[in-house]
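# Structural features, examined
Here's the letter readout for the chains.
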Amino acid sequence: MYNIKEDNGKKVWGHLVAVLLLERAGFRLENGYEDTLNQYFLQYPEDEFLLELEFISSEANQSLHLLKMKCKDEYVSILCEQLKEICGSAAPEDFESCVCHLWQLLPPTARKELEQAEDIYREIFRDYLEGYDKTVIFKEYRAACPGSVAPAFEKAESLLGFKLHDSVRNFYSRVYAKRVKGQVNIPAEGFTIPIGNPRFDKWFSFNGIKGRTAFELFPCTDCGGSAESIRDGFTLWTGGNDFGERVLIGELFTGIGEISIVINNRTGAVEWVDCEYGQYEEYEKNPHGVLADHMDSFLQKLTGKTAGKVSGM
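To keep things clear, this report deals only with the structure shown in the data block. Bear in mind that the values here come from a model prediction, so they are computed numbers and not experimental data. (Residues numbered from 1 in each chain as written. Predicted model: local features only at pLDDT ≥ 70, side-chain atom pairs only at ≥ 80, totals over all residues. Heavy atoms only, no water.)

Looking now at the pattern of salt bridges. Close approach of charged atoms allows side chains with opposite charge to pair. Evaluation of the coordinates by the stated rule reveals 12 salt bridges. Residue Glu157 is joined to Arg169 by a salt bridge in which the shortest nitrogen-to-oxygen separation is 3.0 Å. In this pair, Glu157 sits in helix H10 (residues 153-160) while Arg169 sits in helix H11 (residues 166-172), placing the two residues 12 residues apart along the sequence. Judged by its relative accessible area of 9%, Glu157 is buried. By relative accessible area, which is 25% here, Arg169 ends up partly exposed. The salt bridge involving Glu271 is made with Arg246; its shortest N-O contact spans 2.6 Å. Here Glu271, found in strand E6 (residues 270-273), pairs with Arg246, found in strand E4 (residues 246-254); they are 25 residues apart in sequence, far enough to count as distant. Here Glu271 falls in the buried class, since its relative accessible area comes to 6%. Arg246 gets classed as buried once you look at its relative accessible area, which sits at 11%. Shared partners join several salt bridges into a network, and the residues in it are Glu154, Glu157, Lys163 and Arg169. (Salt bridge = Lys/Arg side-chain N within 4 Å of Asp/Glu carboxyl O. Helix = DSSP H or I, 4+ residues; strand = E, 2+ residues; numbered from the N terminus. Buried < 20%, exposed > 50% of the residue type's maximum accessible area, 1.4 Å probe, protein only.)

So, in C-alpha cells, the structure goes:
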C-alpha cells in the first residue's frame, strides 16, 4: 500500500486546502471537504497525517491550520482549477459574497499568486474586489465615529453563538477597509497595563519595544461578507484552540516580530499577545497583557494622549 508521504503528498494536501477554503467561503461543492478527505484516506489508509485529519474533520479551523503548515502556498494552482470548474457550472446565488469571503481567507502570498494568474483573477476576482483592498491611514479611521458603517453584527453573533461586546462593535463600525495603517510612539514604560505577571508585565521594556512602531488594524469590508469576516477574526487566528472569545484586530510590528492586538469579547479590553515566544496552543502560556480597558481608550493611546504621537503611513 502506498504511503502518501512517498507519493504525491503535496498535491493531496493542496487539494484538501483548496476544497476546505472553498467550503468555508460558502461555495456549494459536489464533493465537500469531508467527502474528499474520506476518499484520500481510503486510498492511503496508512498515512498518519490523514488519520489525524480524520479525527479532527469537524474542526475546520484546526484542519486548515495544519494543512497550510503542510503545503504552504502550494495549493493556489489547485484552487484556481477548482474555481474554473465552479465558474463553468451554475454559480451559487451569493457568488459575489463567496468570492469576497474566499479572498479574506487567503494570506497575502496566495493573493499575490492569484493576481499573477491573470486569467483567473480577471474572470473571477477583479470585478468583485473593486475597492476591497482599500487601505486607510489611522487618522482617517480615528476620525470616524462608531456607527459610521453597519456590518452585519446580528448575523455574526448567530455564526459565533454569542453576543458581541460594545468594544468589538466600536472597532468594526467606523470604516469599511481591508487594513488601517499607522505608527505609534511607544514610551519606554507604561504602554501596557500590568496584569500581575512580572515577566509579561515587563515584556515590552525587556525586549526594547519602544519608539516609533508601525501597526495595522483589520476592520472588515463592505463586500457582502462582513459577518463572516468578523467570525473569522475570532476563529482563524486561533488554529482551532480555545482562546476565550478573543478577536484578532491588528498587529504591532516590533523588533522581535509581530505582536497581535486582540479584543477580549468577554471584558471589552484590548489586549496584546506574542504567540511566537510562548506555547501557542494555550493562550495564557503565551506572553500577553492588556493595552486598554476598551476600544475608545486604546484609540486614545494610539492617538498619543497616553502613549506619544501617532501618524499615518
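Still to come is the rest of the account.
This brings us to the nonpolar core. In this structure, Trp13, Leu16, Phe27, Leu53, Leu67, Leu83 and Phe125 are the most contacted members of the largest nonpolar core, which totals 43 residues. Breaking this core down by element, the ones donating at least two residues are helix H1 (9-25), helix H2 (33-43), helix H3 (48-55), helix H4 (60-71), helix H5 (76-88), helix H6 (95-105), helix H7 (108-116) and helix H8 (118-125). Counting residues in hydrophobic clusters, the runner-up holds 42 residues, among them Leu160, Phe171, Ala227 and Ile261. (Core = buried A, V, L, I, M, F, W, Y, C linked by side-chain atoms within 4.5 Å.)

A word on the side chain of Arg174. Inspection of the secondary structure assignment puts Arg174 in the loop between H11 and strand E2 (179-186). Among the polar contacts listed, one links the side chain of Arg174 to the side chain of Asn170, at a separation of 3.0 Å. There is a polar contact of 3.2 Å between the side chain of Arg174 and the side chain of Asp296. (Polar contact = N/O pair within 3.5 Å; in protein donor to acceptor, adjacent residues only side chain to side chain.)

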